[in-house]
Amino acid sequence: MNPLQSLPACRFSLSRRAVCTFLCGVALLAFAPADHAQAQDKPLKVLLVAGGCCHDYATQTQLLKKGIEKRINAVVTIEFNPSKTTSTRFEVYESDDWAADYDVIVHDECSASVTERPYVDRILAAHRAGVPAVNLHCAMHSYRWGDFRNPVEIGAENAGWYEMIGVQSTGHGPQSPIDVHYTQPDHPITKGLSNWTTINEELYNNVRVFGNTDVLASGDQVQSPRKKELKQNPNAKPRTAQAVVVWTNLYGPNQTKIFSTTLGHNNDTVGDDRYLDLISRGLLWATDNLKSDAK
């Protein structure tokens, strides 16, 4: 039986016709396909902040935007500063409500020399208030001052950025391939992803891993002796270094979800499907859009 047959016949005055038309419309919506509501879901509003020292951010922002938007329902807005120095700043951070229009922020800046507390505090305030973050590569080496090469204490004057990220890193080894091992293969972010070996990349060290950090992958890298080492010891041999390379963190009083990876120095890594799959999963997890089956 046609569900519309149960409605009264539309033979009334003009006003009744209007009512009938409305009721017919309601009935049609009621019997619409089950995925109708899903088709109306709004895309994630992603802000990608990138620029600063030592990387081809002009290319990498486009690789990230294209790769993310291809994989998930998202619109990526790019805040790019072409400056090539560690003092690079971003106009978006000059406003107290800089993150108000976005669901998640991707930090891909390299701004190690930016140490102005009000500026950095504005960035962190948004994440403490609940705006999720995804941190990529040199974001781990940004906004640092004081004795940052030794483990910082929670609550210390220079600890804020590291507390948000969840891991304190101060440097990296030479560029060579990194063997990435997923240590939690059943986590929603890593479920179904295979271990892989990067091209030449930088393995960032781990000075401190904070208590709320959940390690998802470690990286092994064979590092050849540097010139200084060989000068001191001509018989120095290559060694294997290991560090955390993918993790999550819960930050601040609202337990804001933070996803980070130190991978992503070179363009070929950023454009790698395995890298883009990982970043897209991290974005979904941080915004509570990733189910336990990784869908």
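The shown structure was predicted, so the numbers you read here are calculated from the model rather than taken from an experiment.

J.: Any details on the pattern of salt bridges? Residues and values, ideally.
T.: Summed over all chains, the structure comprises 12 salt bridges. Here Lys65 ties to Glu69 by a salt bridge, and the two come within 2.7 Å at their closest N and O atoms. With Lys65 and Glu69 both in helix α3 (residues 57-71) and four residues apart, this pair spans about one turn of that helix. Residue class for Lys65 comes out partly exposed when judged on its relative accessible area of 22%.

J.: Account for the state of the cysteines, naming residues and giving values.
T.: This structure, assessed with the given rule, holds two disulfides. Covalently, Cys53 is tied to Cys54 through a disulfide, its sulfur atoms 1.8 Å apart. One quick way to see it: the torsion about the S-S bond of Cys53 and Cys54 is about 45 degrees, and its sign makes the bridge right-handed. Here Cys110 is linked by a disulfide to Cys138, with a sulfur-sulfur distance of 2.0 Å. Taken as a pair, Cys110 in strand β3 (residues 104-110) and Cys138 in the loop between β4 (133-136) and α5 (160-165) lie far apart in primary sequence, 28 residues in all. Exposure remark for Cys110: the relative accessible area of 4% places this residue in the buried category. The class of Cys138 is buried, set by a relative accessible area of 5%.

J.: So what's going on with the packing of aromatic side chains? Residues and values would help.
T.: According to the stated counting rule, one finds five aromatic pairs in the structure shown. Cation over ring: Arg89 sits above Tyr119, and NZ or CZ is 4.2 Å from the ring centre.

J.: With reference to specific residues and values, describe the nonpolar core.
T.: Among the nonpolar cores identified, the biggest contains 36 residues, and Val46, Leu64, Ile68, Val180, Phe259, Tyr275 and Leu283 are the most heavily contacted of them. Element by element, the count of residues in this core is highest for helix α8 (residues 273-286), at eight residues. Residues contacting Leu283, with those up to four places away along its chain left out, are Val46, Ile68, Ile72, Val104, Val106 and Val134. In terms of nonpolar packing, the next biggest core, distinct from the first, is built from 33 residues, Leu47, Ile105, Val120 and Tyr251 among them.

J.: A description of the sheet that holds strand β7 (residues 196-201) should follow, citing residues and the corresponding values.
T.: Judged by pairing direction, the sheet is mixed, and its nine strands sit side by side in the order β2-β1-β3-β4-β11-β10-β9-β6-β7 without closing on themselves. The sheet is open, and its two borders are formed by β2 (74-81) and β7, each paired with just one other strand. Ignoring strand direction, the axes of neighbouring strands in this sheet form an average angle of 20 degrees. The sheet contact formed by strand β10 (residues 239-251) and strand β11 (residues 256-261) spans six bridges and is antiparallel. By the bridge assignment, Leu250 is partnered in β11 with Lys257. Sitting on the sheet, α8 is in contact with β1 (44-52), β3, β4, β6 (176-182), β7, β10 and β11, with an inclination near 170 degrees to β11.

J.: Describe the environment of Ala112, listing the residues and the values that go with them.
T.: In this fold, Ala112 is placed in the loop between β3 and α4 (117-128). Classification of Ala112 by relative accessible area gives buried; the value is 17%. In this structure the C-alpha to C-alpha distance between Ala112 and Cys53, which are 59 residues apart in sequence, comes to 8.6 Å. Not counting residues up to four positions away in its chain, the partners in contact with Ala112 are Thr86, His141, Ser142, Tyr143 and Arg144.

J.: So what's going on with the pairing of strand β9 (residues 214-223)? Residues and values would help.
T.: With respect to burial, β9 is a largely interior element, seven of its 10 residues being buried. The pairing of β6 with β9 spans four bridges and is antiparallel. Within β9, the position partnered with Val180 by the bridge is Gly219. Note: β9 against β10, nine bridges, orientation antiparallel. In the sheet register, Asp220 faces β10, and the bridge partner there is Gln242.

J.: Please give an account of the confidence of the model for the protein that cites residues and values.
T.: Here the protein averages 88 in pLDDT, and 86% of its residues register 70 or above. Considering only residues more than four positions removed or in separate chains, one finds that residues 1-40, a stretch of pLDDT under 50, has 13 contacts.

Rules of the game
Residues numbered from 1 in each chain as written. Predicted model: local features only at pLDDT ≥ 70, side-chain atom pairs only at ≥ 80, totals over all residues. Heavy atoms only, no water. Salt bridge = Lys/Arg side-chain N within 4 Å of Asp/Glu carboxyl O. Helix = DSSP H or I, 4+ residues; strand = E, 2+ residues; numbered from the N terminus. Buried < 20%, exposed > 50% of the residue type's maximum accessible area, 1.4 Å probe, protein only. Disulfide = S-S within 2.5 Å. Phe/Tyr/Trp six-rings, centres within 6.5 Å; stacked < 30°, edge-to-face > 60°. Lys NZ or Arg CZ within 6 Å of the ring centre and 35° of its normal. Core = buried A, V, L, I, M, F, W, Y, C linked by side-chain atoms within 4.5 Å. Contact = heavy atoms within 4.5 Å. Pairing = 2+ DSSP bridges. Axes fitted to C-alpha atoms, helices over the stretch in contact; angles between N-to-C directions. pLDDT = per-residue confidence, 0-100.

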